[in-house]
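Chain by chain, the residues:
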Amino acid sequence: MGTAKTHVDGRETVELLKGLVRINSVNPSLVEGAPGEAEIAEFVAEYMREIGLETRIEEVEPGRPNAVGILKGAGDGPALMLNGHLDTVGIGYMEIDPLDPVVKDGRLYGRGTNDMKGGLAAILSATKALIDSGVELKGDLVVAGVCDEEYASIGTERLMDEVTADAAIVGEPTGLQIQVAHKGFAWIDVETRGVAAHGSRPDEGVDAIAKMGKVLIEIERLGDVDLKRKRHRLVGSPSIHASTIQGGRELSTYPDYCKLQVERRMIPGEEDSDIEAEMSSLMTSITAEDPKFQGGHRITFVRGPMEISPEEEICQVLRGCVLDVSDREPQFIGSSGWLDTQIIWKNGTPSVAFGPRGAGSHAAVEFVELNSVVEAAKILELAAVRFCGTESPS
Ligand SMILES: [Zn+2]
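The structure presented is a predicted model; accordingly, all values stated were derived computationally and were not measured. (Residues numbered from 1 in each chain as written. Predicted model: local features only at pLDDT ≥ 70, side-chain atom pairs only at ≥ 80, totals over all residues. Heavy atoms only, no water.)

1. Description of the pairing of strand E6 (residues 141-146)
Burial of E6 is extensive: six of the six residues sit out of reach of the surface. Neither face of E6 is left uncovered, since the one carrying Leu-141, Val-143 and Gly-145 and the one carrying Val-142, Ala-144 and Val-146 both have all their residues buried. Bridging between strand E2 (residues 64-71) and E6 involves five bridges; their strand directions are antiparallel. Bridge pairing in E6 links Val-68 to Ala-144. Pairing of strand E3 (residues 80-85) with E6 involves six bridges; the strand directions are parallel. Bridge pairing links Leu-82 to Val-143 in E6. (Buried < 20%, exposed > 50% of the residue type's maximum accessible area, 1.4 Å probe, protein only. Helix = DSSP H or I, 4+ residues; strand = E, 2+ residues; numbered from the N terminus. Pairing = 2+ DSSP bridges.)

Listed below in structure tokens is the structure:
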């Protein structure tokens with residue numbers, strides 16, 4: 001451990017985390033009938049009120065609230081946002097009771113321990129420690145527990161309409177490394193049209209499924225060859241894969257229609273327009289070689305990639321805090337998965353992901369390493385002090 005003085009009470013942090021895990025906050029957009037964020041938002045808001053934040057619960061959609069707390073700065077220093085999502089993915093397939101957190105070998109097991117109630121507990125503990133220390137920040141500290149990150153991120157989208165900050169830290173599990181980049185994704189519908197005809201009449205029928213086969217071959221080639229040539233130093237290559245396919249009416253009829261859904265993962269630097277151009281060129285090349293090919297495509301949803309420079313102030317502040325708390329040089333990393341950091345970054349606020357170490361997000365066995373939760377809390381406490389500035393140096 002490093003030499004920095006922090007005020008986090010590790011035992012309290014762990015108890016807080018257990019309390020968060022005990023509340024079922026499965027996202028109802030993922031699992032029908034799941035409870036959503038109402039109860040956990042109330043729990044988080046109550047915690048924030050008790051430690052002295054200006055707190056409000058913001059209903060983004062019925063039963064889908066954000067809990068937002070603000071620690072007003074005493075001066076005009078820069079504002080920092082600490083952001084953590086309240087929702088989790090489903091629990092139906094888990095091996096250990098997902099809502100009864102169990103400690104074993106320094107790990108806490110349960111749904112959301114890693115993704116990301118561990119990070120949320122670190123954020124809340126860091127804020128409490130800061131207040132307990134008596135230090136007065138110059139800039140505002142915004143603490144946000146947001147809904148729906150696991151589905152459509154309506155929570156952070158609404159949050160960015162209402163609060164501003166000069167930088168943000170999203171407490172997702174990064175193994176205490178500083179995540180400055182991640183991939184994005186685009187969902188694409190592809191349709192092919194054929195001509196329905198009796199199965200014995202090849203002269204009349206055009207097989208829409210076989211035509212889609214040409215699209216599939218091109219998609220595989222695109223992924224195996226062209227996309228592998230592109231490479232980002234932190235997140236690797238972009239990729240593309242087929243997700244679902246539908247077509248055909250009955251065994252003795254030429255299929256007149258086929259629909260394919262495709263996912264294209266994007267690397268920093270790639271825009272929506274690049275994906276559109278790539279798909280257009282793929283479809284055009286098939287049409288040029290097959291006059292009977294009739295098809296079209298449409299991009300239905302995009303969550304873009306993001307990247308910020310390690311030279312950004314928030315990155316350098318965090319780096320210094322990791323060094324001083326943990327006596328360890330952190331790495332600047334990228335990840336394949338998409339995070340709320342992208343929404344914040346797209347709004348013009350430099351944002352990074354930083355949080356504890358664990359495993360099993362979205363899996364049957366999920367855990368977080370408790371030491372790393374406490375360490376994250378200490379680092380976040382110090383980061384808020386250093387980023388927002390203090391009236392009198394602590
Ligand atoms: Zn997450």
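There's more to say after this.
2. Examining the sheet that holds strand E17 (residues 367-369)
Sheet strands pair by backbone hydrogen bonding; their relative direction is either parallel or antiparallel. The strand order E4-E5-E17-E16 describes an open sheet built from four strands, whose pairing is antiparallel. Since the sheet does not close on itself, it has two edges, and those belong to strand E4 (102-104) and strand E16 (358-359), each with one partner. Pairing geometry for E16 and E17, over two bridges, is antiparallel. Residue pairing in the sheet places Ala-359 in a bridge with Phe-367 of E17. Of the strands in this sheet, strand E5 (107-109), E16 and E17 touch helix H3 (residues 113-133), which is tilted by about 45 degrees from E17. (Contact = heavy atoms within 4.5 Å. Axes fitted to C-alpha atoms, helices over the stretch in contact; angles between N-to-C directions.)

3. What to know about a nonpolar patch on the surface
Together, Leu-30, Val-31 and Tyr-151 make up an exposed nonpolar region whose accessible area comes to about 270 Å². Relative to the elements of secondary structure, Leu-30 occurs in the loop between helix H1 (10-22) and helix H2 (38-51). For Leu-30, a relative accessible area of 38% puts it in the partly exposed group. (Patch = residues over 30% accessible without salt bridge, like charges linked within 9 Å, V, L, I, M, F, W, Y side chains within 5 Å. Areas by Shrake-Rupley, 256 points an atom, 1.4 Å probe, with all protein chains shown as cover. Salt bridge = Lys/Arg side-chain N within 4 Å of Asp/Glu carboxyl O.)

4. Details of the coordination of the zinc ion
Bound to the zinc ion on the protein side are His-85 (NE2), Asp-115 (OD), Glu-172 (OE) and Glu-172 (OE), at distances that span 1.9 to 2.4 Å. Geometry at the zinc ion is irregular, judged from its four donor atoms and the angles of 55 to 146 degrees they form at the metal. Here the donor residues for the zinc ion map to a single chain with the spacing H-x29-D-x56-E. Note that His-85 is positioned in strand E3 and Asp-115 in helix H3, a separation of 30 residues in sequence. (Donors = N, O, S within 2.8 Å, 3.2 Å for Na, K, Ca; no water. Tetrahedral: all angles 85-135°; square planar, octahedral: opposite > 155°, others 65-115°.)

5. Focus: unusual backbone geometry
At the junction of Asp-115 and Met-116, the peptide bond is cis and its omega measures out at -10 degrees in the coordinates. Examined against the element boundaries, Met-116 turns out to sit in helix H3. Its identity is not glycine, yet Asp-105 carries a phi of approximately 50 degrees, on the positive side. Among the secondary structure elements, Asp-105 is positioned in the loop between E4 and E5. Although it is not a glycine, Asp-327 adopts a positive phi angle of roughly 60 degrees. Note that Asp-327 resides in the loop between helix H7 (313-326) and strand E14 (332-335). By relative accessible area, which is 59% here, Asp-327 ends up exposed.

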